[in-house]
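# A look at the structure
For reference, the chains in residue letters:
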Amino acid sequence: MFLSFFPKPKLFFLSFALWALVCVIGWYTKIQDLGHLLSLGSVFGVHFPDALSKGANAAAQAAFASQQKTAVDVWLYQYMAVCYAIFIGVWMTFGGQKWAKWSVIGSGLIIFTTWFSVQLGVMMNEWYGGFYDLIQKALSSPHSITITSFYAQLSTVSIIVFVSVIVSVLNNFFVSHYVFRWRTAMTQYYTAKWQQVRHIEGASQRIQEDTMRFANIVQGLGVSFINSIMTLLAFLPILWSLSSHVKELPFIGEVPQPLVFVAIIWSIFGTVLLAISGIKLPGLEFKNQRVEAAYRKELVYGEDFEDRAEPLTLTELFTNVRRNYFRLYGHYLYFNVIRYSYVYMGQFVPLIALAPSIVAGAITLGLLNRILNAFNQVEGSFQFLVGSWTTIVELLSIYKRLKAFEAAIDDQPLPSIEETPTA
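Residues numbered from 1 in each chain as written. Predicted model: local features only at pLDDT ≥ 70, side-chain atom pairs only at ≥ 80, totals over all residues. Heavy atoms only, no water.

## Brief notes about the overall build of the chain
Tallying secondary structure elements over the chain gives 15 helices and 2 strands in all. In terms of overall dimensions, the chain has a C-alpha envelope of 95 × 55 × 40 Å along the principal axes. The buried share among the 423 residues of the chain stands at 40%. Put simply, 78% of the contacts in the chain that link residues at least 6 apart link residues at least 24 apart. Here the chain contributes 29 positive and 26 negative side-chain charges, whose respective centroids are spaced 4 Å apart. (Helix = DSSP H or I, 4+ residues; strand = E, 2+ residues; numbered from the N terminus. Buried < 20%, exposed > 50% of the residue type's maximum accessible area, 1.4 Å probe, protein only. Contact = heavy atoms within 4.5 Å. Lys, Arg positive; Asp, Glu negative; His and termini not counted. Charge placed at Lys NZ, Arg CZ, Asp CG, Glu CD.)

## A few points about the nonpolar core
Among the nonpolar cores identified, the biggest contains 40 residues, and M230, F235, L239, L259, I371 and F375 are the most heavily contacted of them. If you list the elements that add at least two residues to this core, you get α1 (9-29), α3 (58-94), α4 (100-140), α8 (203-242), α9 (258-277), α12 (349-359) and α13 (365-382). Top contributing element to this core by residue count: α8, with 8 residues. If you count residues domain by domain, this core takes at least three from each of domain 1 (1-97) and domain 2 (100-245 + 396-413). If near-sequence neighbours (up to four positions away) are discounted, I371 is found in contact with L239, L242, V246, L259, L354 and I363. Counting 38 residues, the second-largest nonpolar core is a separate cluster that includes W91, I217, L221 and I398. (Core = buried A, V, L, I, M, F, W, Y, C linked by side-chain atoms within 4.5 Å. Domains from an automatic or database assignment.)

## Things to note about the side chain of Q78
Considering the arrangement of structural elements, one finds Q78 in helix α3. Exposure remark for Q78: the relative accessible area of 18% places this residue in the buried category. Those residues in contact with Q78, other than ones at most four positions away along the chain, are L38, S39, L40 and G41.

## Topic: the pattern of salt bridges
According to the stated counting rule, one finds 2 salt bridges in the structure shown. One salt bridge in this structure joins D73 and K69, with 3.1 Å as the shortest N-O distance. Highlighted residues: D73 and K69, both in helix α3, separated by 4 residues, approximately one helical turn. By relative accessible area, which is 45% here, K69 ends up partly exposed. Across the salt bridge formed by R370 and E126, the nearest N and O atoms sit 3.2 Å from each other. With R370 in helix α13 and E126 in helix α4, this pair connects stretches of sequence that are 244 residues apart. The partly exposed category is assigned to E126, whose relative accessible area is 34%. (Salt bridge = Lys/Arg side-chain N within 4 Å of Asp/Glu carboxyl O.)

## Notes on α1
Counted at 1.5 Å a residue, the expected span for α1 with its 21 residues is 30 Å, and the 30 Å between its end C-alpha atoms agrees. Check the buried side of α1 and you find it contacts α3 and α4. (Expected span 1.5 Å × (residues − 1).)

## Observations regarding the confidence of the model for the chain
Per-residue pLDDT for the chain has a mean of 80; in total, 95% of the residues score no lower than 70. The least confident element of the chain is helix α15 (residues 416-419), whose mean pLDDT is 55; the most confident is α1, at 88. (pLDDT = per-residue confidence, 0-100.)

## Observations regarding the packing of α3 against α4
Contact geometry of α3 with α4 gives a least axis separation of 10 Å together with a crossing angle of 165°. The angle between α3 and α4 places the two elements in the roughly antiparallel class. Note on packing geometry: the crossing formed by α3 with α4 is right-handed. Seen from α3, the contacting residues are L76, Y77, M80, Y84, I88, W91 and M92; seen from α4, they are A100, K101, V104, I105, G108, I111, F112, W115, F116, Q119 and M123. Partitioning the contact of α3 with α4 into residue classes produces 15 nonpolar, 2 polar and 1 charged. (Axes fitted to C-alpha atoms, helices over the stretch in contact; angles between N-to-C directions. Parallel < 35°, antiparallel > 145°, perpendicular 65-115°, else oblique. Left-handed = near helix turned anticlockwise from the far one by under 90°. Nonpolar A, V, L, I, M, F, W, Y, C, P; charged D, E, K, R; others polar.)

See the structure below:
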């Protein structure tokens, strides 16, 4: 599944995780402070500002902070580009895999695009803060702002939206080709071993359909997971700083960094709850694929042989299909009760946590919006398993089916689930 497309898969993914960790730690501990020495932003007119003099007024401090942030962001883009170039260059040189252009360069491009999309989300969060403060000013003091200033503020988001649309469209187009190349690599690998795997039930379906679904789901989950990590790295410091405006939690009292505390506890609770309630689903999905394959196989035989696909046989096979589907529906019933209850209740958790601060008037509307958005981003990152559990269940069932191919190719015994009766 991975060996057909990625160079030395275990080493490749492990090295990426370690290199990413080194790059992140390096940035926050030392590298970001070297921007005034190493950044090429000055070539494009982006300079690190000179240090403020003592007693600088509020306007000067705001201008300094804005210029400093822009210069650091430009320096960060350069640093990320260098990190990606080093990793990709090493694996392109020593990987020795014929699909390396797609698996190495393509993966790097997808991850970089994901990171850039997260940065656009951070920009949107900052814009919403200023925009809703403007709305609060207009609502609390009628005619305190002009319609021109309102539209001017609203128009500033157009550049972020335009870039987001372009990035999303181009990324989806590229990902489609990326997934198909991965499917092609798996298909070529398995068809070359056809005589070793042809006896496995539903072998044709596993090559034709499961390879496509596996590549598509792994890519989607992988990007979602990386997006969650990058979102956490981007928004956790924001939520941490915004937590200084919230002094206490209802029913608990004062807690250090209360918003971060609530996001972590609520996310852990949901992840554990859904993992326990959905533990039987992967096996049921796998068995469902088996009975579907048996039914489909008999129908295909019936196209070529008159003595196959008789009504009694098809009825029995379809009864197996129905029995497994009904069993699956029953298990999904209680799983969805728990999942949807958790999701809908989660919408009100930040409002409950912010209740004392809202009642006390300690935060503005713009600040409230920024807190809610940052909280949802951090909470969503911690809840990767919660949001992806049904997809993970589907992936595990496909993995079990393709794993039988791996066992047959390597002359290993088939997984025990392959030995159980179809029904």
